[in-house]
Amino acid sequence: MAALVAVVASGPANAAVSEEPVPTPVFNGPVYAVATAGNVVYVGGDFESAVVKGKQVARTRLAAFDAGTGALLSWAPAADRTVRAVAVDPDGSVWAGGDFQTVDGQPRDSLAKISSAGVLDPVSFTISGGTPRALAVGHGRLYVAGAFNAVNGVKRGNVAAIDLATRTLSGWSARTDNVVNALAVDGGRVYLGGSFHRVNGVSSTTRLVAVKRDGGAVDLSFLPRPDSIVWGVTVSGDRVYAALGGRGGRTVSYTTNGVAKWAITTDGDAQAVAVLGNTVYIGGHFDNVCRTARNGDHGLCLDGSVSRIKLAATDLDGKLQSWSPQGNGIRGVLALVATTQTGVIAAGEFTVLDGKSQKRLAVFR
């Protein structure tokens, strides 16, 4: 691991978005997943209502709003159990994955496709041995990852793909020996992050790996081997960013050859990471960013720290920025998405930012 970059705040001219969230719906239960299509933001979780100007509006584990106006949209499919992942299809529809068995009262085993008008698609899959935890669209496929052993009766080791043109299980596959928590698609690669130790039976593929778009073989030019569980992965430019747990947590910037260029250490897990412009945004259940890489029991920073409760930001060289919309909660921030149209979207289990009520979702512009 490369030496840790100093974490002294750089002053006000830093993160490209405000610390003050813009008005949007909030939610009465955890939000675990976020996906965007232009200004439209789709969310999934374990909530039963959205809250708009203090009024509760029924939304059962799936909802959508306009990031530009803050308006809750009429899109309102209902899942019977937790939604853990969402992704937008190129045709404008939304894929949802999670623990559910029905959507709008119709059988859907852990994976469902829903039109932008909120109409459940007739396509149906059977996912055995567990559930999806991450979805990503690319290469004409929907990549599905999590903890499961078969799709439609065909063996799959925690990773599978759906052909978007035919809406059938793709022949593409990769297999891991343990859970996959995160997916990212970029160029000819699919990045997998989780708690696995082997991918396709190949050693030295611990917790973070790239597999090829053609066939799913391990790309041996990217073998970073992080030393703790990976919760989040994103790719921006020529860098791969990973949010890690462990004793405390870390956010690491890797080259596309798997070389660690910098790391930020926190006193709790980093669980999500996103990049917008020249800023890297980090979310998790940490309360502090450590001044060095040394931490002890329960993630305690041994050489001093800077307060960053559940959210932090760095520049592209890993220098901590002053952006600090202090959150709360035990698990804090569980998902981050950043686009030029929507700004930075944070979701999870927090209920307060900067001492003000902000329940489980925030958009920073």
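If you're wondering where the values come from, they're calculated on a predicted model, not measured in any experiment.

### With respect to the overall build of the chain
Scanning the chain from N- to C-terminus turns up 0 helices and 35 strands. For a compact globule of 365 residues, the expected C-alpha radius of gyration is about 21 Å, and the chain comes in at 19 Å, within 12% of that figure. Taken along the three principal axes of its C-alpha coordinates, the chain extends 55 × 55 × 35 Å. Counting over 365 residues, the chain shows a buried share of 58%. In the chain, once contacts between residues fewer than 6 apart in sequence are set aside, the share between residues at least 24 apart is 44%. Computing the positive centroid from 34 side-chain charges and the negative centroid from 28, the chain places the two 2 Å apart.

### Some points on the pattern of salt bridges
Counted under the stated rule, the structure contains 11 salt bridges. Asp 89 serves as the salt-bridge partner of Lys 113, at 4.0 Å between the closest nitrogen and oxygen. With Lys 113 in strand S11 (residues 111–114) and Asp 89 in the loop between strand S7 (83–88) and strand S8 (94–98), this residue pair connects regions lying 24 residues apart in the sequence. Neither Lys 113 nor Asp 89 differs from the other in exposure class; each is buried.

### Things to note about the state of the cysteines
Tallied over the entire structure, the rule returns 1 disulfide. Two residues, Cys 290 and Cys 301, share a disulfide whose sulfurs are 2.0 Å apart. Taking the sign of the S-S torsion, -70 degrees for the link of Cys 290 and Cys 301, the bridge is left-handed. Pair noted here: Cys 290 is in strand S28 (residues 288–290) and Cys 301 is in the loop between S28 and strand S29 (305–307), with a separation of 11 residues, a long-range link. Exposure remark for Cys 290: the relative accessible area of 0% places this residue in the buried category.

### Points about the sheet that holds strand S13 (residues 131–138)
Spatially, S13-S14-S17-S18 is the arrangement adopted by the 4 strands of the open sheet, whose pairing is antiparallel. Two strands lie at the open edges of the sheet, namely S13 and strand S18 (168–169), each paired on one side alone. In this sheet, strand S17 (residues 159–163) lies alongside strand S14 (residues 141–147) in antiparallel orientation, the contact comprising 5 bridges. Bridge pairing links Leu 142 to Ile 162 in S17.

### A word on unusual backbone geometry
Phi at Arg 225 takes a positive value of approximately 55 degrees, unusual for a residue other than glycine. Looking at the element boundaries, Arg 225 is found in the loop between strand S21 (208–212) and strand S22 (230–236). Phi is positive for Lys 310, which is not a glycine, with a value near 80 degrees. Considering the arrangement of structural elements, one finds Lys 310 in the loop between S29 and strand S30 (311–315).

### Considering the pairing of S14
Across a regular strand the side chains alternate sides, sitting on one face of the sheet and then on the other. Here S14 lies mainly inside the structure; 7 of its 7 residues are buried. As paired strands, S13 and S14 are joined by 7 bridges and run antiparallel to one another. If you follow Pro 132 over to S14, its bridge partner there is Gly 146. Between S13 and S14, which pair antiparallel one after the other, the connecting turn spans 2 residues, and His 139 there sits at a positive phi close to 60 degrees.

### Things to note about the packing of aromatic side chains
If you walk through the whole model with that rule in mind, you get 9 aromatic pairs. On the numbers, 6.4 Å between centres and 45 degrees between planes, the contact of Trp 95 with Phe 125 is tilted. One end of the pair, Trp 95, is in strand S8; the other, Phe 125, is in the loop between S11 and strand S12 (127–128), with 30 residues separating them in the sequence. For the ring pair Tyr 281 and Trp 323, a centre distance of 5.0 Å and an interplane angle of 80 degrees mean the geometry is edge-to-face. Of the two residues, Tyr 281 is situated in strand S27 (residues 279–284) and Trp 323 in the loop between S30 and strand S31 (333–339); the sequence distance between them amounts to 42 residues. The residues Tyr 281 and Trp 323 share a single accessibility class, namely buried. Members of the aromatic cluster, each reached through a chain of ring pairs, are Tyr 191, Phe 222 and Tyr 254.

About the thresholds
Residues numbered from 1 in each chain as written. Predicted model: local features only at pLDDT ≥ 70, side-chain atom pairs only at ≥ 80, totals over all residues. Heavy atoms only, no water. Helix = DSSP H or I, 4+ residues; strand = E, 2+ residues; numbered from the N terminus. Rg over C-alpha atoms; globule rule 2.2 N^0.38 Å. Buried < 20%, exposed > 50% of the residue type's maximum accessible area, 1.4 Å probe, protein only. Contact = heavy atoms within 4.5 Å. Lys, Arg positive; Asp, Glu negative; His and termini not counted. Charge placed at Lys NZ, Arg CZ, Asp CG, Glu CD. Salt bridge = Lys/Arg side-chain N within 4 Å of Asp/Glu carboxyl O. Disulfide = S-S within 2.5 Å. Pairing = 2+ DSSP bridges. Phe/Tyr/Trp six-rings, centres within 6.5 Å; stacked < 30°, edge-to-face > 60°.

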